[in-house]
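Per-entry structural report
Residue strings, one per chain:
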Amino acid sequence: SRNPLIEVHIRFTHHHQSAGLYSAVVVAFSNFITSKQQIMRPSHGIRMLGQQLIFSAALYLLATSCSLCHAETLLAGGSYIVRSPGEPSLIDIDQDVAAIRDSTNLTEIKDIYTNGKYAKPLTLQRLSTDAAHDYKGDPMYTFYKHAYLHIGLKEGEIAGEFDSNHIEQYADTLVKDLLEIDKENIAQEAILVNTIWMTVVFYLNGAAKSCRYPDVAEPYLYLDLAAGFYIGLGQDKGDDESGNMLYNLAEGISKDFNQDNGVSVVNEKILELLNDIKDNIIDKGLCSTHEENSYKKFRWNVGSIIGYMNVILVQRLIRHLLDGSDRDFMKMYALAILPQIRLCNPGAFDLMMNEFVGNTGDVDDPIGYMELLQSVYSCLGITCEMVGKFRGRDDGCVDSTGFPDDAVSYALMDRDMLEIEVLMEMEAYDAALDHYKYGRNSPDNWKFNTLWELATYDSVDTNLPLGQFINYNTENEKPVMNEYITSAIEGKSTFEYATKNQREWAVKRSLQGTLSYYAVMEKVTNALDLCGTTKKDQAVQEWDKALALAVGSIGEAMMIIDTAYEGYFGQTLLTLANEVCGLFGKCTASGEASIIDMWIDQNSRGLSFIEDDECLKLTQLVDTEVNPTLLVPIIQGILHYAVMNESLDEAQSDTLFAGEALTRTVVPLINKENPEEAFLIQENMEFAQGTKYVKDGSENVFKAVATSLHGLSIDCSLIGKYAGLKYGNLCEEQKSSIGHDSAQPQEKTSLAGEDSAQPQE
């Protein structure tokens, strides 16, 4: 009452009988608000998960929680203790869920959902309708928005709408549609798996972020909110009869999968992870040290919790799939997980959308679709063991990829690439940078392998491709790999005035071309160094990792299940090769790049050479076949963008930086043998404010590339002929250049070092 920011109303239950206690709570809350005013002012500019830090739900919670008068609140029989200093972080929204479950009157159910009952002014609907503001920038929420954006477009809706509503309110749209079905428990479960599930994820991600920026917000606040929304106030430990939230949903399905040990395995694991965060990170003051390993461990636990939350959805989907009990419930649970699957196996997403959501009859092959679901478990951060067997059935379960175990995590890094692309497309730049620096999909003990690690380095032998790249950019004052990618994500330096789409293309082609090529060659080089030593197993592992990085998990998935969106989803050298092969007549009858068969053959022979200690043959293979063929799709991409962008100005061409990014990959290598050609290619393909792109014309770029192929050990026939251009055949361009000067301007220039001649205007 002494603070004008909010009027506090506290409902006293039989636990709350002291007027003095009431006053103490109001004063404590007032002090809390005062301490947070600077954080909550939009003009203050402190950012959390890509948005101004939002405490709206926390304010509702503090104004309505019947647990405010407790120093500690015990959830699930003490399985989790709420201890946020000054604000016990629980709300009564679970009572609204219970009221909806217990009501048989559809009108009443809709009224409780829309207007609330026990937790006013917070309502279940507002958790979704306010999400556009409150959850803006959260990565998982962004992935779901993106999925429903494209589902809407595929169904002919206006861009940004799903089922004639804004995509930001997808959960509200789904819940209202399911309310109309008017089946027992479907309203409650729809709210839990769409609205509450995302709310818990948002607060988990917020907890991790607050650990990274502990001066901005208390990690406890977000973590306790996540636990409160997941468990609820009325839940007894391990009881599937009490409680109304996701914890109860997990208990209810656990028996069907033989995972009821007094407490469901899912709940046991989630509570273990939540308490590990509290006990071993927050309580030990590790967040306040700004030590990055604590943030990495926090993120790892959060990712694991989300995985177990996905188990609940998958188990219930499997039950409705295998026992055929109810298609509406099956559709509901499918829609709850499919947006995550879309970002790692688009072909499987299409098949399951058609079967689970599009069709209305019985599923023709339930076992087949269960196996398809199992094949994408890694998309959801889960395994066969985590899900268990449905009612003792032993239908088998295969959740592994085609890559060797030691290489799987590197194959999964292309998912980080795709998620970064999606986050940038949806303007969640903070989350994109976080993904780039800390990873999300490539597990490495208690943290993730990251793209940032692949793009940063201390010192590298300048005789190696990566060393040439570093040396070239350093001597010529060009941004190295990490600096270029980070600037594009953040919109700084060269990208300060670049368009949104230009930045997206710069990052995509940098990750797909520059980073992928040099990361693959680093692993190949490691295998060469280990060949013939006592560490043969490690040499094999490095060779396997190289192939995994070149192909990627998405690339492998698309080789098995076709998708119409390969150019969009593909992030690796393999998918770049497939994207550009048709432009040069270098695709097989099946539409795949012919170079891929060569890569597979080279991989097989390389493994044989390592096993047989034939290291000279391995070296020759790398120098004359592996390295040159990896460059083929990158060079094809450069030539394509030279043609595509030469007639456009910088404001018109979204792909201007795509050509530049790929050019940055090969120019340092060309410069070693053909510095003049390197200069011409760079001058035409690199962005320069106020300068015409491809100023000397694409024909001269083609000629310079043709002249450079010999120095790269690339057979011109591997590139092919660019359709529709009289100068599109590099082999012919090579012949015409014999005995003549190179295709660059008359002034001889080089970028080999400080003593090089400077270009003339």
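Residues numbered from 1 in each chain as written. Predicted model: local features only at pLDDT ≥ 70, side-chain atom pairs only at ≥ 80, totals over all residues. Heavy atoms only, no water.

1. A closer look at a nonpolar patch on the surface
Together, Met559, Ile560 and Ile600 give the surface a local cluster of nonpolar side chains, amounting to about 300 Å² of exposed area. Residue position: Ile560 is located in helix H26 (residues 553-560). Among the residues examined, Ile560 registers a relative accessible area of 66% and is labelled exposed. (Patch = residues over 30% accessible without salt bridge, like charges linked within 9 Å, V, L, I, M, F, W, Y side chains within 5 Å. Areas by Shrake-Rupley, 256 points an atom, 1.4 Å probe, with all protein chains shown as cover. Salt bridge = Lys/Arg side-chain N within 4 Å of Asp/Glu carboxyl O. Helix = DSSP H or I, 4+ residues; strand = E, 2+ residues; numbered from the N terminus. Buried < 20%, exposed > 50% of the residue type's maximum accessible area, 1.4 Å probe, protein only.)

2. Observations concerning a negative patch on the surface
Taken together, the side chains of Asp362, Asp364, Asp365 and Glu371 present a region of like negative charge at the surface. Note that Glu371 resides in helix H16 (residues 366-375). Its relative accessible area of 42% is what places Glu371 among the partly exposed residues. (Lys, Arg positive; Asp, Glu negative; His and termini not counted. Charge placed at Lys NZ, Arg CZ, Asp CG, Glu CD.)

3. Considering the packing of helix H24 (residues 500-530) against helix H30 (residues 615-645)
The interhelical angle for the contact between H24 and H30, taken along N-to-C directions, is 175°, at an axis separation of 11 Å. It follows from the interaxial angle that H24 and H30 lie roughly antiparallel. When H24 is examined against H30, the residues Trp505, Arg509, Gly513, Tyr517, Val520, Met521, Val524, Ala527 and Leu528 are found in contact with a partner set consisting of Leu618, Thr619, Val622, Val626, Asn627, Leu630, Leu631, Ile634 and Tyr641. When grouped by side-chain class, the residues that make up the contact of H24 with H30 number 14 nonpolar, 3 polar and 1 charged. (Axes fitted to C-alpha atoms, helices over the stretch in contact; angles between N-to-C directions. Parallel < 35°, antiparallel > 145°, perpendicular 65-115°, else oblique. Contact = heavy atoms within 4.5 Å. Nonpolar A, V, L, I, M, F, W, Y, C, P; charged D, E, K, R; others polar.)

4. Here's the deal with helix H23 (residues 481-490)
Buried residues dominate H23, accounting for 8 of its 10 residues. Residues of H23 that are buried include every one of Met481, Asn482, Tyr484, Ile485, Thr486, Ser487, Ala488 and Ile489, and no others. Looking one or two residues beyond H23, the residue adopting positive phi is Gly491, at roughly 75°.

5. Considering the packing of helix H28 (residues 573-580) against H30
Orientation of H28 relative to H30, taken along the N-to-C sense of each, is 50°, at an axis distance of 9 Å. For the element pair H28 / H30, the angle class is oblique. The chirality of how H28 crosses H30 is left-handed. Facing H28, whose interface residues are Leu573, Leu576, Ala577 and Val580, H30 presents Leu630, Pro633, Ile634, Gln636 and Gly637. Here the contact of H28 with H30 is composed, by residue class, of 7 nonpolar, 2 polar and no charged. (Left-handed = near helix turned anticlockwise from the far one by under 90°.)

6. Some points on the state of the cysteines
With the rule as written, the count across this model stands at 6 disulfides. One disulfide in the model links Cys531 with Cys615; its S-S distance is 2.2 Å. Looking along the S-S bond of the Cys531-Cys615 disulfide, the torsion reads about -95°, which is the left-handed sense. You can see Cys531 sitting in the loop between H24 and helix H25 (536-551) and its partner Cys615 sitting in helix H30, a full 84 residues away along the chain. With a sulfur-sulfur separation of 2.0 Å, Cys716 is cross-linked through a disulfide to Cys731. The chirality of the disulfide connecting Cys716 with Cys731 is right-handed, given an S-S dihedral of about 105°. With Cys716 in helix H34 (residues 716-719) and Cys731 in helix H35 (residues 730-737), this pair connects stretches of sequence that are 15 residues apart. Since its relative accessible area comes to 12%, Cys716 is described here as buried. (Disulfide = S-S within 2.5 Å.)

7. Here's the deal with the side chain of Glu421
Summarising the element assignment, Glu421 is placed in helix H19 (residues 413-425). By relative accessible area, Glu421 is classed as buried at 13%. A polar contact of 2.7 Å, which involves the side chain of Glu421, links it to the side chain of Gln571. (Polar contact = N/O pair within 3.5 Å; in protein donor to acceptor, adjacent residues only side chain to side chain.)

8. Some points on the confidence of the model for the chain
The predicted coordinates ought not to be read in detail in places where the model reports low pLDDT. Residues of the chain with pLDDT of at least 70 account for 84%, and the chain-wide mean is 84. Confidence, read as mean pLDDT per element, is least for strand S1 (residues 47-48) in the chain (34) and greatest for helix H20 (residues 429-438) (97). Contacts from residues 741-761, a stretch scored under 50 in pLDDT, to residues over four places away or in other chains number 36 contacts. (pLDDT = per-residue confidence, 0-100.)

9. Here we look at H24
Taking 1.5 Å of rise per residue, 31 residues should cover 45 Å, and H24 covers 43 Å from first to last C-alpha, within 8% of that figure. Along its length, H24 shows its largest kink, about 40°, at Ser510. Buried residues dominate H24, accounting for 24 of its 31 residues. Once H24 finishes, Gly532 follows within two positions and takes phi at roughly 80°, a positive value. (Expected span 1.5 Å × (residues − 1). Bend = angle between axes of the 7 residues up to and from the residue.)

10. Quick notes on the layout of surface pockets
As a volume, the largest pocket reaches approximately 1000 Å³. As for the largest pocket, its lining consists of 42 residues, of which Gly303, Ser304, Gly381, Arg440 and Phe448 are closest to the centre. Looking at the lining of the largest pocket, the elements with two or more residues in it are helix H7 (139-154), helix H9 (186-212), helix H13 (292-322), helix H18 (405-411) and H20. Here the lining of the largest pocket takes 10 residues from H13, the largest share from any one element. (1 Å grid on protein atoms, 1.4 Å probe; cavity = no way out; pocket = protein on both sides within 12 Å on 5 of 7 lines; lining within 4 Å. Points joined across faces, edges and corners; volume = space filled by probe spheres on them.)

11. Quick look at the packing of aromatic side chains
Under the definition given, this model contains 23 aromatic pairs. Between the aromatic rings of Tyr148 and Phe162, the centroid separation amounts to 4.6 Å while the plane-to-plane angle is 50°, which identifies the pairing as tilted. Taken as a pair, Tyr148 in helix H7 and Phe162 in strand S5 (residues 161-162) lie far apart in primary sequence, 14 residues in all. When sorted by exposure, Tyr148 lands in the same class as Phe162, which is buried. Note on Tyr148 and Tyr170: the rings are 5.0 Å apart at their centroids and 10° apart in plane angle, and the pair reads as stacked. In this pair, Tyr148 sits in helix H7 while Tyr170 sits in helix H8 (residues 170-179), placing the two residues 22 residues apart along the sequence. By relative accessible area, Tyr170 is classed as buried at 2%. (Phe/Tyr/Trp six-rings, centres within 6.5 Å; stacked < 30°, edge-to-face > 60°.)

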